[in-house]
Amino acid sequence: MVKRFLFGFVLTLFAATNLSYGQEIEVSVDRTELARGETLTYTIRVFDQRQGMQLDLTPLTENFDVLGTRTSSQIRSINGAVESWTDYIVTLFPLTEGELEIPSLAINNSNTDPIAISVVNQGPRSNQSAEELFLEVEVNKDSIYVQEQLLFTVRLFYTINGIRNPQFTELEMPDTVIQLIGSPNQYERLIDGVRYGVYEKRYVIFPQRSGPLEIPDILFRGEVTDGSSNFVFRNLNTRRVTAFIDGLTIDVKERPVAAQNSEFWLPVTSLTLEESFDRDLTDLQVGDSVVRTITMVAEGLDGAVLPPFSDGDIEGVNVYPDPADIDRTFIEGEIVGTRVEQSTIVAIQDGEIVIPEISIPWWNVDTDQQEATVVPSTRIEVATVEGVVPSEQMVVSEGNIEELLSTVPVVDQDMIDAQAQAEFIEVDAFWLNALISLAFLIVLFSIYRLVLMPNQPAISAFFAAQRGRIAEHYDPANNESVAFSRLKQACRSNNIADIREALIQWCDHFLDSRVVASMEDILQQREAPELHVFVAAIQSKLFNGGGEATGFDSRELLNTASRLRSDKARSNKAMAQQERYALPPLYKT
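Note that the structure is predicted; figures quoted are calculated from it, not measured.

Engineer: A description of the overall build of the protein should follow, citing residues and the corresponding values.
Structural biologist: The helix and strand tally for the protein stands at ten helices and 31 strands. Within the span of the protein, comprising 589 residues, buried residues form 32% of the whole. Sequence separation of at least 24 residues holds for 67% of the intrachain contacts in the protein that already meet a minimum separation of 6. Summed over its atoms, the accessible surface of the protein is roughly 36600 Å², and 52% of this surface lies on carbon and sulfur atoms.

Engineer: Could you give me a rundown of the environment of T43, with the residues and numbers involved?
Structural biologist: Mapped onto the elements of the fold, T43 is located in strand β3 (residues 40-47). T43 sits in the buried class, given a relative accessible area of 17%. A sequence separation of 43 residues divides T43 from T86, and the C-alpha atoms of the two residues are 9.9 Å apart. Look past the residues within four positions of T43 in its chain and what remains in contact with it is E26, V27, S28, D87, Y88 and I89.

Engineer: So what's going on with the packing of helix α7 (residues 496-510) against helix α10 (residues 554-580)? Which residues, and what values?
Structural biologist: Packing of α7 against α10 leaves a shortest axis separation of 13 Å and a crossing angle of 10°. On the basis of the axis angle, α7 is roughly parallel to α10. For the pair formed by α7 and α10, the contact residues are I499, L503, W506 and F510 on the first element and S554, L557, A561, L564, R565 and K568 on the second. Split by residue class, the contact of α7 with α10 holds seven nonpolar, one polar and two charged.

Engineer: So what's going on with the sheet that holds strand β2 (residues 33-35)? Which residues, and what values?
Structural biologist: Ordered in space as β2-β9-β6, the three strands form an open sheet in which the pairing is mixed. At either margin of the open sheet sits one strand with a lone partner, and together these are β2 and β6 (98-102). Each strand of the sheet is rotated relative to its neighbour by a mean of 30°, with strand direction disregarded. Here β6 runs beside strand β9 (residues 115-120); their pairing, made up of five bridges, is antiparallel. From the neighbouring strand, E99 faces β9, where its bridge partner is S118.

Engineer: Please give an account of the confidence of the model for the protein that cites residues and values.
Structural biologist: For the protein, mean pLDDT is 80; residues scoring 70 or higher make up 81% of the total. Contacts for the low-pLDDT stretch residues 1-21, under 50 throughout, to residues beyond four places or in other chains number three contacts.

Engineer: How would you explain the environment of Y203 if you had to name every residue and give the values?
Structural biologist: Tracing the chain through its elements places Y203 in strand β17 (residues 194-207). Considered as a pair, Y203 and L151 are 52 residues apart in the sequence and their alpha carbons are 6.0 Å apart. Ignoring any residue separated from it by four or fewer positions in sequence, one finds Y203 in contact with L150, L151, F152, V154, L171, I178, Q179, L180 and I181. Within polar-contact distance, the side chain of Y203 engages the side chain of K201 at 3.3 Å.

Engineer: So what's going on with the packing of helix α6 (residues 480-493) against α7? Which residues, and what values?
Structural biologist: Relative orientation of the contacting elements α6 and α7 amounts to 155°, with a least axis distance of 9 Å. Comparing the axis directions of α6 and α7 gives the class roughly antiparallel. By crossing handedness, the relation of α6 to α7 is classed as left-handed. Only D498, I499, E501, A502, L503, Q505, W506 and H509 of α7 make contact with α6, whose side of the interface consists of E480, A483, F484, R486, L487, A490 and C491.

Engineer: Go over the nonpolar core with me, naming the residues and quoting the values.
Structural biologist: Counting 34 residues, the largest nonpolar core has L133, L135, F152, I205, I215, I218 and F220 as its most contacted members. Among the elements that line this core, the one with the most residues is strand β13 (residues 150-158), at five residues. Ignoring sequence-local partners within four residues, the contact set of I218 consists of L135, V137, F152, V154, F168, T169, L171, A243, F244 and I245. Core analysis: the next-biggest nonpolar cluster, separate from the first, contains 28 residues, L503, I504, A528 and L557 among them.

Engineer: With reference to specific residues and values, describe the pattern of salt bridges.
Structural biologist: Per the counting criterion, the structure on display carries 21 salt bridges. One salt bridge in this structure joins E138 and R155, with 2.8 Å as the shortest N-O distance. Of the two residues, E138 sits in strand β11 (residues 133-139) while R155 sits in strand β13, which places them 17 residues apart along the sequence. In this structure R155 comes out as buried when scored by relative accessible area, which is 10%. R565 is paired through a salt bridge with E480; the nearest N and O atoms lie 2.8 Å apart. Here R565, found in helix α10, pairs with E480, found in helix α6; they are 85 residues apart in sequence, far enough to count as distant. With a relative accessible area of 23%, E480 lands in the partly exposed category. Several salt bridges share partner residues, and in doing so they unite E136, E138, R155 and E200 into one network.

Engineer: Any chance you could break down the environment of T86 for me, citing the residues and the numbers?
Structural biologist: Mapped onto the secondary structure, T86 falls in strand β5 (residues 81-94). Assessed through its relative accessible area of 11%, T86 is described here as buried. Along the backbone, T86 and S72 are 14 residues apart, and their C-alpha atoms lie at a distance of 5.7 Å. A distance of 3.4 Å separates the side chain of T86 from the side chain of S73, its partner in a polar contact.

Engineer: How would you explain the packing of aromatic side chains if you had to name every residue and give the values?
Structural biologist: Pairs of aromatic rings are described using the distance from one ring centre to the other and the angle between the two planes. Inspection of the entire model under this criterion finds 13 aromatic pairs. Ring centres of Y145 and W265 lie 5.9 Å apart, and the angle between their planes is 85°; this geometry places the pair in the edge-to-face category. On the criterion of sequence distance, the pair formed by Y145 in strand β12 (residues 143-145) and W265 in the loop between β21 (248-253) and β22 (267-268) is long-range, its members being 120 residues apart. You'll find Y145 and W265 in the same group, each marked buried. Put simply, the rings of F134, F157 and Y196 pair up and form one aromatic cluster. The residue whose ring lies beneath K253 is Y145, and the NZ or CZ to ring-centre distance is 4.3 Å. R565 extends its terminal NZ or CZ atom over the ring of F484, reaching a point 4.2 Å from the ring centre.

Engineer: Lay out helix α9 (residues 532-543) in plain terms, naming residues and giving numbers.
Structural biologist: Taking 1.5 Å of rise per residue, the twelve residues of α9 would be expected to cover 16 Å, and the 17 Å separating its terminal C-alpha atoms lies within 8% of that figure. All buried positions along α9 are accounted for by H532, F534, V535, A537, I538 and K541. Residues of α9 that are buried make contact with α7, α8 (519-524) and α10.

Engineer: Could you give an account of the sheet that holds strand β18 (residues 211-215), naming the residues involved and the relevant values?
Structural biologist: As summarised here, the arrangement of the three strands in space is β12-β21-β18, forming an open sheet in which the pairing is mixed. For this open sheet the edge positions go to β12 and β18, each flanked by a neighbour on one side alone. Averaged over all neighbouring strand pairs, the angle between strand axes comes to 35°, with direction disregarded.

Cut-off values and rules
Per chain, residue numbering runs from 1 following the sequence as it is written. Thresholds applied to this predicted model are a pLDDT of at least 70 for local features of residues and 80 or more for the giving and counting of side-chain atom pairs; totals over whole chains, interfaces and linings are not thresholded and use all residues. As a rule here, side-chain values cover all heavy atoms of the structure and leave hydrogens and water aside. Per the convention used, a helix needs a DSSP run of H or I reaching at least four residues, while a strand needs a run of E reaching at least two, with both numbered from the N terminus. We call a residue buried when its accessible area falls under 20% of the maximum for its residue type, exposed when it is over 50%, and partly exposed in between, using a 1.4 Å probe and counting protein chains only. Note on definitions: a residue-residue contact is assigned when non-hydrogen atoms from the two residues lie within 4.5 Å. Using a 1.4 Å probe, the Shrake-Rupley method yields the accessible areas, and only the shown protein chains count as cover for residues. Inter-axis angles, ranging from 0 to 180 degrees, are taken between N-to-C directions of lines fitted to C-alpha atoms, where helices are fitted over the stretch in contact. Should an angle fall under 35 degrees it is called roughly parallel, over 145 degrees roughly antiparallel, and 65 to 115 degrees roughly perpendicular, with every other angle called oblique. For this classification, Asp, Glu, Lys and Arg are treated as charged, while Ala, Val, Leu, Ile, Met, Phe, Trp, Tyr, Cys and Pro are nonpolar and the rest, including Gly, are polar. Pairing between strands requires that DSSP locate at least two bridges from one strand to the other. As a per-residue measure, pLDDT reflects the predictor's confidence and takes values from 0 up to 100. Each polar contact in these results corresponds to two N or O atoms within 3.5 Å; when the atoms are within protein, one needs to be able to donate a hydrogen and the other to accept it, and residues that are neighboring in sequence are counted only if both atoms are side-chain atoms. By the definition used in this description, the sense in which the near helix is turned from the far one sets the handedness, with an anticlockwise turn below a right angle giving left-handed and a clockwise turn giving right-handed. Buried residues of nine kinds, namely Ala, Val, Leu, Ile, Met, Phe, Trp, Tyr and Cys, make up a nonpolar core once their side-chain atoms join them within 4.5 Å. Definition used for salt bridges: Asp or Glu carboxyl oxygen within 4 Å of a side-chain nitrogen of Lys or Arg. Stacked, edge-to-face and tilted labels apply to pairs of Phe, Tyr and Trp rings (six-membered ring for Trp) whose centres lie within 6.5 Å, assigned for plane angles under 30 degrees, over 60, and everything in between, in that order. Either the NZ atom of lysine or the CZ atom of arginine qualifies as a charge over a ring when it sits within 6 Å of the ring centre and within 35 degrees of the ring normal. The span you would expect from a helix comes to 1.5 Å times its residue count less one.

Given below as structure tokens:
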């Protein structure tokens, strides 16, 4: 009998070993030809799988974006023959178009077969119907000059509620300055009787070299929840949604011939210069100062690229410039740059002073012509101050300078001592300190007599209530952190009765699916099945005559509880982030 049992055990072990090394694996796709912007379902079927396994999907990321994975297990019996398998279902998004290959994967000492697919460009696409989700791009011009602004807008139209974690292709183009205009806009639009939610991002683009400007294809990816959740892990059930639209090619032209030799190249729709002074210029005299402010405003360029324009040297005056104030704003989606230069002008000679004109050439992109904005010259009459000699001239003294310098100053020491005595008042420090102390004691006694003594019962009751609230807050029955600390202390002391009581108390806080009042409640929950083996071991040790419980380790229990707390904290944080960055529902419910 024993030999027959051993022979059967060895045969079963041999068969299991052969299965583990010779498992049958199949791979398949839901289709081999798809349009750009659509997703592909790749299924790995493992037959007669005895335990879970880890799949390395890294080879797939060369040509695909892995959007999600899930598993499905099946078992069936036909004419007494039992067959089982596990499907690993992977959602793939092709990164490029053309002929692609899903590479071979190494699974359980076996290699899967590669699969060839074809990705064709059929225009804007989505893995949803066009009525539910689609993209739109828009530019303000088909051709621009080098360094001229290009306005680019991408819009997502959707009728699906609960889109979370929206992500768009980031614009990256060489030799190009790209700026996002503000935050994304969200609004609603009625199209052919259908109300769509719109998620809009606007950019301003400045190409820095001529030639074709290739704006890349735009891909949108997001998640949609159906409102249900997994009971065990309390995660929202979501599915991936995608949308795709082709990029654009913009012709970037060189400087026109008329502006090749110009000192400045400013391709804008409008450029203005304004000059102002902080005082009237008709009554200036030698030594007076005036603050001159010149403001340049360009529609279509950032203020950082606007050139300096103030004159450094002006004959007859000293000029002290301040650092330029540079700014940019967005008005109706277009960038408006501002440069403000301010300088202080000090007249150092009388007569006529001429502040020369300022002329800034610029290219009008609306009329396609060279223009110039001019601040005319300013003429100022500076008068000499009567009775005052200019600082550059010397005053001739009629006295002998050597006699003036050799005179010894007379010092009246008695007068200095008398003045010093008049400035100080002597006060006896002892009586001053005694007076301050007495006043302080009187104030304290008054507070005690008038405030504390009549309200002593109420004050005592207040402090007692505060102590009670603090004690209640830090009671293990009301605080999960304190309950877990108590469980740690019990595990370290290895007292089985204390461990049982502390585990029940902590699980009542940690488990959300039910109220925990006994060890049986812990065994009936499905939220943390890892605790079942420890509960069984504790019960066995307590109620089987005090014998040693097999499989129980207080340190392992503590490690398991710590890991469960960390996993739950990460899950709660992820759910909070999803709720924070989710798109608002299109229709209010």
